[in-house]
Structures are given as C-alpha cells and as structure tokens.
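Coordinates in review
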Amino acid sequence: IGTAQLDTFVELHQRVFPAEEMVGWCSTCSDGQALTDVNAGLHEFFVERASNTDMVFLSVDTALQQAHIQCDAFINRSNPAVSAVLMDFTALDVRIVVDEASRVGLDAMLRGKETLTDTEAVTSLSSSLEALETSMVKLKDMLTSCIGYVEAVGSGQRAGDAALGRAMADACSAVPHLDAKEFGDMFNAGLHDMLM
C-alpha cells in the first residue's frame, strides 16, 4: 500500500468519524516479529498525519502458535530531532478485555488451530458433551436458587431487593420465548449438528 492510498484511507476515516482522533494504528504478523522496517515506516507515516505525537502501534500475531493471542503495543520514545533516522520503540503493557461471548469465540479459535486425530476428535466430542452437561447443571442450580429467592420474597419470608429483582427481570426478558416443543426441536437439531 502506497502513501497515497493510506492518505485516502485516513481522509475517508476522518470524514466519516470527524469527532475521532487518531491515537494509534495496528498491524498483524505471523512470525512473532512485531517490529520491522516496514512497521517503522508506517509508524512514521501515521505520526506525521496525527495531532498526537505519542502514536501507539499495536501488533497482533495471527499465527496463533501459543495458547493465547499475542498482542504487543509500542510507543516511539525517540527524540523528534532524530526520529526520522532512529526510532526507540518502548513496549507497553497490553491487557485484552472481552465479554463472555467474545471469550468463547476466542477460545474456539485458539483450540481450532489444533489438528485432531480420530481418537482425539472422539475425546474432544466427549469433553464437549461433558462441558454441556456441566453448563446445564450450573444453569439448573442457578434457576433453582432464583426460584427459591422469588418464592421467599413472594411469601414474605424475605425482604425483596429492588436491584436484584430488576436484574432478574432483565435476565428473564433477554431469554427468547419458545414453547417446549420449539425449544426441544431447536436443542435436538443443535445437538445433532454437534454430533455430526
């Protein structure tokens, strides 16, 4: 990608998101080498076009060779007078924060890189079914606890907590409304797909 294309990209992004300020840029690598000559040149390009001189460079290793996603972040701490010739990248601490749904997807990506033999695939299926069973038991226990709480509040044995009641109502409203037959059909179809 040439500088003209990058200039167009930056201009279009600023046109669509005028309130946003560029604070950094990201790149991917597949060999674990986040800092390269190309990335140093790209970093200089973005620093020249941003009002923020402390531009962050984030590199994500897409090879997934480790049991976690390797993300590295750097900032150039070199003297502006010599930054065109010498860049002093300093590593920053990176913490990946994701919601539970995204975590499930990331875990599946990391596990999906493994090539399974037939025996391992059967073991994997068995562990998936065990995980499903464990999740169902936990769900049943949580529902039993919630039902007990609601019954105790309803009978006057316990004082109600408005925040807890609101959280329970929000959780119930997030669950799609299906009759037992629809749920059974959907669950069995999903289970059938998993067993295939």
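Preceding this section is the structure that the text describes.
In this text, all values refer to a predicted model and were calculated from it rather than measured experimentally.

What counts, and where the lines are drawn
- Sequence order as written defines residue numbering, which begins from 1 separately in each chain.
- Given that the model is predicted, a residue must reach a pLDDT of at least 70 before its local features are reported, and side-chain atom pairs must reach 80 or more before they are shown or counted; all residues, however, enter totals for whole chains, interfaces and linings.
- Side-chain metrics rest on all non-hydrogen atoms present in the structure, leaving aside hydrogens and water.
- In this text, helices come from DSSP runs of H or I with a minimum length of four residues, and strands from runs of E with a minimum of two, each type numbered from the N-terminal end.
- Throughout, exposure labels follow a simple rule: accessible area from a 1.4 Å probe, protein chains only, divided by the maximum for the residue type, with under 20% read as buried, over 50% as exposed, and the rest as partly exposed.
- What sets the accessible areas is the Shrake-Rupley method with a 1.4 Å probe; for residues, cover comes only from the shown protein chains.
- Just to be clear on terms, a salt bridge is a Lys or Arg side-chain nitrogen sitting within 4 Å of an Asp or Glu carboxyl oxygen.
- Whether two strands pair depends on DSSP finding at least two bridges between them.
- To obtain an axis, a line is fitted to C-alpha atoms, over the contacting stretch when the element is a helix, and the angle between two such axes runs from 0 to 180 degrees between their N-to-C directions.
- In what follows, a contact means two residues having at least one pair of non-hydrogen atoms within 4.5 Å.

1. Observations regarding the overall build of the protein
On a plain count of helices and strands, the protein comes out with six helices and four strands. If you list the helices and strands of the protein from N to C, you get α-β-α-β-β-β-α-α-α-α. Put simply, the protein has 196 residues, and 15% of those count as buried. For the protein, the computed accessible surface area is about 14700 Å², with 59% contributed by carbon and sulfur atoms.

2. A word on the pattern of salt bridges
Tallying each qualifying case throughout the model produces three salt bridges. For Arg15, the salt bridge identified is with Glu11, shortest N-O distance 2.7 Å. With a gap of four residues between them, Arg15 and Glu11 both fall in helix α1 (residues 3–16), about one helical turn apart. We classify Arg15 as exposed; its relative accessible area is 56%. Between Asp170 and Arg166 there is a salt bridge, with the nearest N and O atoms lying 3.5 Å from each other.

3. Comments concerning the sheet that holds strand β4 (residues 89–92)
Strand order across the open sheet formed by four strands is β1-β2-β3-β4, with mixed pairing between neighbours. Lying at the two open borders of the sheet, with one neighbouring strand each, are β1 (24–29) and β4. Between one strand axis and the next, the sheet turns by 30° as a mean value, whatever way the strands run. Pairing of strand β3 (residues 70–76) with β4 involves four bridges; the strand directions are antiparallel. Pairing of Asn76 across the sheet is with Phe89, part of β4. Those strands touched by helix α2 (residues 37–49) are β1, β2 (56–61), β3 and β4, and its axis lies near 160° from that of β1.

These figures capture arrangement, not role.
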